Amino acid sequence: MGVEVHGTVAEGFEPVGEAFAGNFERLGERGAALAVYRDGRRVVDLWAGVKDVDGAEPWERGTAQLVRSATKGVAAAVPLLLHQDGELDLDAPVGHYWPEFKARGKEGVLVRHLLNHRAGLPLLDRPLTPREALDPLRGAEAVAAQAPVWEPGTDHGYHALTYGWLLDGLVRRVTGRGAGAWIAERIAAPLGPGFWLGLPDAEAGRVGRVGPVEGPQPSGVPRARPKRSVTEAYADPASVTRRAFAAIDPFPDHNDPEFRAVPNPAANGIATADGLARFYAALIGRVDGVRLFDPATVARARAEESAGPDRVLVVGTRFGLGYMLHGGASPFLGPGSFGHPGRGGSLGFADPEAGVAFGYVTNGFRRTVTADPRAQALVRAVRSAVGG
C-alpha cells in the first residue's frame, strides 16, 4: 500500500504529484513536502509521510524542517537587498564595514567574495566547539581572525559553514542586527510564516526531527559511486574539504533546540516547503503583492561569479552572488535557474524564464551534498510539466 499524499496539484502538473509519491515508494522517503509556484501562483502543494524521521506522527500542512545549506539561499538575499537599498557596496572591502576583519592579509577581501565563495576562508584553523557555536558572535570573531587558505579572489571553494559567520558578521556591522532578525522583519513578515533563522520557542511544535536515511536505488539503475578524488577529499582529515565541513567539531545535534534557536545563515534555517518556494517566487515576481528583488538584483544574483573545480567540493560548481547556479553538480530547472540545495535533501530555487519557484523539504538526510535523487526526480517532473 502506497503512502497517502495530501494537498493539491494544478492541471498540467499531475506528473509532479506522481514523482512525489514515487519518492516514498522507490527512494526511501519518510516525510516530505513540496511546493511549486508559477508566475506567483501556487500550482503544487503536497505533503506526505511522518513529521519525525524516527516517529509515527503524520506530517501536516505547515510542518517545517531544518534545511541545512538551503538556508544560504535565503540568507544571500540580505546583502543583496541591502545593496538594492543603497546600504551596501558589493565591491567594497569587507574591512570598510568590519574593521576587525582586515587582520591577517584580508584587506583585499571584497563583499562579493563572501557571496561567491572566493574569500579563501572555508575553514578555521581551530574549529569551534558546539558550545562556542551557540554564541551568535563567536563565529564572526573566528573568521575575522582567520588567515585565508588561498589568495582571496583568485579561486573558489564552497564555504560550507564559515559562509554563515561571514555573512552575519557583515550584516551586523551594516545594520546593527544579525541576519536572523533582519530576515524575520524584511522577508518572513511580509511573506508569511514559512522560514525561520533562529527558531522561536513558539514555533518549535511544528518542526519535525531530522536524521539519516538510506534510499534504495531504482530498479535497473547502477549505484552511483563518487569519484576517487572526491572520496579521498572527504576521508582525509587534513584536506580543505574535510576541514571546511568540520568548522564546528563535533557538529551539534541537528535536533537540539539550542542549536536551532541560534541563527547560522549557512546551515540551520527552518522552513516549510511553501515558505521556501514562496520566498523564491517573491525574488522573481510578485506573490500576493510582495516582491523582494528588482530585475537588476535578479540579474546580479544569477550572473556567474565562480565556475570550475571547487577547492572544497572538488567537483565543478557554479555560483552567482550567494546562489548556486544550474549545472552538473546541482541541476535546477534550466540554464537561468538560481537557488541552493541543502546537504542531504532539501532544495529551493527560482527560474525567471519559466516563472517557476520550487521548495522541497524532507526529514530524511541522504548521503548527498548538492543533488539529492529525490529532489532531482521532482525537478525533472516540474521541467516536464512546464515544457522545459
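Cut-offs applied
Residues numbered from 1 in each chain as written. Predicted model: local features only at pLDDT ≥ 70, side-chain atom pairs only at ≥ 80, totals over all residues. Heavy atoms only, no water. Helix = DSSP H or I, 4+ residues; strand = E, 2+ residues; numbered from the N terminus. Buried < 20%, exposed > 50% of the residue type's maximum accessible area, 1.4 Å probe, protein only. Contact = heavy atoms within 4.5 Å. Areas by Shrake-Rupley, 256 points an atom, 1.4 Å probe, with all protein chains shown as cover. Expected span 1.5 Å × (residues − 1). Polar contact = N/O pair within 3.5 Å; in protein donor to acceptor, adjacent residues only side chain to side chain. Pairing = 2+ DSSP bridges. Axes fitted to C-alpha atoms, helices over the stretch in contact; angles between N-to-C directions. Parallel < 35°, antiparallel > 145°, perpendicular 65-115°, else oblique. Nonpolar A, V, L, I, M, F, W, Y, C, P; charged D, E, K, R; others polar. Core = buried A, V, L, I, M, F, W, Y, C linked by side-chain atoms within 4.5 Å. Salt bridge = Lys/Arg side-chain N within 4 Å of Asp/Glu carboxyl O.

**Student:** Help me understand the overall build of the chain, please; the structure alone is not making it clear to me.
**Tutor:** The secondary structure content of the chain amounts to 14 helices and 14 strands. Overall, the chain is about 60 × 45 × 40 Å in size when its C-alpha atoms are taken along their principal axes. In the chain, which comprises 388 residues, the share counted as buried stands at 58%. Counting only contacts in the chain whose residues sit at least 6 apart along the sequence, the fraction spanning at least 24 positions is 68%. Roughly 15,100 Å² of accessible area belongs to the chain as shown, and the carbon and sulfur atoms make up 50% of that amount.

**Student:** Can you walk me through helix α12 (residues 273-284) in this structure?
**Tutor:** An α-helix turns once per 3.6 residues; consequently, residues spaced three or four apart project the same way. In this model, α12 (12 residues) spans 17 Å end to end at C-alpha, consistent with the 16 Å of a helix rising 1.5 Å per residue. Buried residues of α12: Ala273, Asp274, Gly275, Leu276, Ala277, Arg278, Phe279, Tyr280, Ala281, Ala282, Leu283 and Ile284, and no others.

**Student:** Where do I start with the environment of Arg291 in this structure?
**Tutor:** On the secondary structure map, Arg291 appears in the loop between α12 and α13 (295-302). Between the C-alpha atoms of Arg291 and Phe279, which are 12 residues apart in sequence, the distance is 9.2 Å. Looking at Arg291, its side chain comes within polar contact range of the main-chain oxygen of Phe293, at 2.5 Å.

**Student:** What should I look at first to understand the sheet that holds strand β4 (residues 65-66) in this one?
**Tutor:** In any sheet, the strands associate via hydrogen bonds between backbone groups, in a parallel or an antiparallel arrangement. The sheet built from three strands is open, its strands ordered β4-β7-β5 with antiparallel pairing. Looking at the sheet topology across the chains shown, the edges are occupied by β4 and β5 (195-196). Two elements, β5 and strand β7 (residues 270-271), share two bridges in a ladder whose sense is antiparallel. Within β7, the position partnered with Trp196 by the bridge is Ile270.

**Student:** Explain the side chain of Asn264 to me, please; I cannot follow it from the model alone.
**Tutor:** Examined against the element boundaries, Asn264 turns out to sit in the loop between α11 (257-261) and β7. With a relative accessible area of 8%, Asn264 lands in the buried category. In this structure the side chain of Asn264 is engaged in a polar contact, spanning 2.8 Å, whose partner is the backbone nitrogen of Ala266. Excluding its chain neighbours within four sequence positions, the residues that come into contact with Asn264 are Thr71, Leu161, Gly164, Trp165 and Leu197.

**Student:** I keep staring at the packing of helix α6 (residues 138-145) against helix α7 (residues 162-175) and nothing clicks. Help me out?
**Tutor:** Any two packed helices are characterised by the angle at which their axes cross and by the distance between the axes. Remark: α6 packs on α7, axes separated minimally by 8 Å, with the N-to-C direction vectors making an angle of 95 degrees. Classified by the interaxial angle, the pair formed by α6 and α7 is roughly perpendicular. In this structure, α6 uses Gly139, Ala140 and Val143 to contact α7, whose residues at the interface are Thr162, Trp165, Leu166 and Gly169. Class assignment for the residues of the contact of α6 with α7 results in four nonpolar, three polar and no charged.

**Student:** How do you make sense of the nonpolar core when you look at a structure like this?
**Tutor:** Where a protein is soluble and globular, its nonpolar side chains tend to be buried together. If you look at the biggest cluster of nonpolar residues, it comprises 77 residues, and the most contacted ones within it are Ile187, Phe279, Leu283, Leu292, Phe293, Tyr323 and Phe338. Here this core gets nine residues from one element, more than from any other, and that element is α12.

**Student:** So what exactly am I meant to see when it comes to the pattern of salt bridges here?
**Tutor:** Side chains carrying opposite charge are able to pair once their charged atoms draw close together. Scanning all chains against the criterion turns up 22 salt bridges. A salt bridge links Arg186 to Asp85, with the nearest nitrogen and oxygen atoms 3.2 Å apart. Taken together, the residues Arg186 in helix α8 (residues 179-191) and Asp85 in the loop between α2 (71-84) and α3 (94-97) connect sequence positions 101 residues apart.

**Student:** Even after reading the chapter, I still don't get the environment of Thr71, so can you show me in this structure?
**Tutor:** Along the chain, Thr71 turns up in helix α2. Judged by relative accessible area, Thr71 falls into the buried class, the value being 0%. Along the chain, Thr71 and Asn268 lie 197 residues apart, while their C-alpha atoms are 6.6 Å from each other.

**Student:** Explain the pairing of strand β11 (residues 338-341) here, please?
**Tutor:** Two faces make up the sheet, and in a regular strand the side chains alternate between them. Here β11 shows no split at all, with Phe338 and His340 on one side and Gly339 and Pro341 on the other all buried. Judged from the two bridges that link them, strand β10 (residues 324-325) and β11 form a sheet pairing that is antiparallel. Considered in β11, the bridge of Leu325 is made with Phe338. The pairing of β11 with strand β12 (residues 347-351) spans four bridges and is antiparallel. Within β12, the residue paired with His340 across the bridge is Gly348.

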